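Listed below are the residues making up each chain.
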Amino acid sequence: MALLEVKVPDIGDFKDVEVIELLVKPGDRVKAEQSLVTVESDKAAMEIPSSHAGVVKELRIALGDKVSEGTLLLVVEAEGEPAPAAPSASEAPREASPAAERSVPTAALPAVESAAPAGALPHASPSIRKFARELGVPLAEVRGSGPKGRITQADVQDFVKGVVAGSVQTAAQRGSAPPVAAAVAGQAFPGLLPWPQVDFAKFGPIERKDLSRIKRISGANLHRNWVLIPHVTNHDDADITDLEAFRVQTNRENEKSGVKVTMLAFLIKAAVAALQRFPDFSASLDGDQIVLKQYFHIGFAADTPSGLVVPVIKDADRKGVLQISQEMSELARKAREGKLSPAEMSGGCFSISSLGGIGGRYFTPIINAPEVAILGVCRSNIEPRWDGTQFAPRLILPLSLSWDHRVIDGASAARFNAYLAQILADFRRVLL
Ligand code: CAO
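So, a few notes on the structure that sits alongside this text. (Residues numbered from 1 in each chain as written. Predicted model: local features only at pLDDT ≥ 70, side-chain atom pairs only at ≥ 80, totals over all residues. Heavy atoms only, no water.)

Considerations on the overall build of the protein chain
A count of helices and strands for the protein chain gives ten helices and 20 strands. Burial statistics for the protein chain: of 432 residues in total, 41% are counted as buried. Considering only residue pairs separated by 6 or more positions, the protein chain has 62% of its internal contacts joining residues 24 or more positions apart. Surface accessibility of the protein chain: about 23300 Å² in total, with carbon and sulfur atoms responsible for 55%. (Helix = DSSP H or I, 4+ residues; strand = E, 2+ residues; numbered from the N terminus. Buried < 20%, exposed > 50% of the residue type's maximum accessible area, 1.4 Å probe, protein only. Contact = heavy atoms within 4.5 Å. Areas by Shrake-Rupley, 256 points an atom, 1.4 Å probe, with all protein chains shown as cover.)

What follows is the structure in structure tokens.
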């Protein structure tokens, strides 16, 4: 077997950064991309992954050494194919391949773990955080014995041993929040109480399940978008009586073609018309500028057994409702089977989330950043509407448009919804 040198790959602006943690030792079997060491600059900590799988023969660095791109880290006796070398500085789970990680649309994984001010967040590398999370260890309660009070794997293990032996009690067991966690929550959001720590097993049987990979990644993105975007949602109604009759008739006529025209396909076309009239709704914010897209790629939320994904219909302005319906059904099938490619989930300008097939009246969809608006639709219902002389039964579709108040204002949103409703009531308006 060949002996191979593993060096620090391109780590961007990190130069002469200190090795603060050795994650492997001679004799360890490492996988390609497994984290080998943690380095830390004055701003952030980062783990350096292995470019090869194999057995560690020799460490060529020690704690406290300064390394840069190209510094020799260790020698391995190689096994298998080399990995594409790239630093992995996120807390993201590593069991999935990078390609698989990228296959989730909204996956903007954190690039680096920011080093917290001393005395605030517990000082620990991403792998130690992951290790602690897997064991359910509240890191804020662990005393770090490493350099600068850094929490090591041994500290986490000792904490667990202490809890099992009964010599250590977690804050949850004591029924109080740890002062550090309280301080952290208070620092980020002054006055906010820490997250409740409850020992659910005290109240009845429980089961623990890992969140799916899609939920972990989309959840982090949804959380960021919800917290960082000033959302407002406008609700409106569209009379789709005639459109639904047309859809049903088209499907009857096209029965043999095997393509089912869906309401969502009409909504995509209506959204394109509204975006053409109100371009700000397909913009993205970039500092003090907005980027206006001259293409019309529309994402639609698809519910899958492992979570929410958003495939994108490209160039929806140039496609007919039949073609959009066909592409949507193909993309929705791939989504359910977990076979969507990253390309099929990127490039969206605006998203639609339809719960119409399920139910509900109105909801507050979360904007799919860097987009600035999203349309939610719920189930249509026959409702009495005044036609000028009498109440008539009409099929009413509830619309919920969430928009980013940094880019859009309430009057535009009301106009957007009103125009969308007009088009859905009578598509001939698109021609005007
Ligand atoms: N009102 C009433 N009925 C509706 C409707 C509406 N707005 N939209 C669809 N329906 C009916 C259809 O007529 C169809 O009925 P039949 O089976 O009797 O023909 C049924 O619902 C299924 O509709 P469909 O085949 O057209 O599928 P769809 O376009 O509604 O949904 C898809 C496709 C991929 C969007 C859907 O499977 C899905 O995943 N929806 C959930 C999206 C989601 O989770 N959004 C929330 C994200 S926010 O967290």
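The structure having been displayed, the exposition proceeds.
Here's the deal with the sheet that holds strand E6 (residues 53–59)
Pairing in this open sheet of four strands is antiparallel, and the strands run E1-E8-E6-E3 from one edge to the other. Two strands close off the open sheet at either side, each with one partner strand: strand E1 (3–7) and strand E3 (29–30). In terms of strand pairing, E3 meets E6 through two bridges, oriented antiparallel. Residue Val30 lies in a different strand from E6, and its bridge partner there is Gly54. (Pairing = 2+ DSSP bridges.)

What about the site of the ligand?
In the vicinity of the ligand, 18 residues are found, and the nearest of them are Asp303, Ser353, Gly357, Cys378 and Ser380. Within the side chain of Arg247, one N or O atom sits 3.4 Å away from an oxygen atom of the ligand. The contact in question runs from a nitrogen atom of the ligand to an N or O atom on the backbone of Ser354, over 3.3 Å. Put simply, the parts of the chain that give the shell around the ligand at least two residues each are strand E14 (302–304) and strand E17 (350–354). Among the residues forming the shell around the ligand, the class breakdown is eight nonpolar, six polar and four charged. (Near = heavy atom within 4 Å. Polar contact = N/O pair within 3.5 Å; in protein donor to acceptor, adjacent residues only side chain to side chain. Nonpolar A, V, L, I, M, F, W, Y, C, P; charged D, E, K, R; others polar.)

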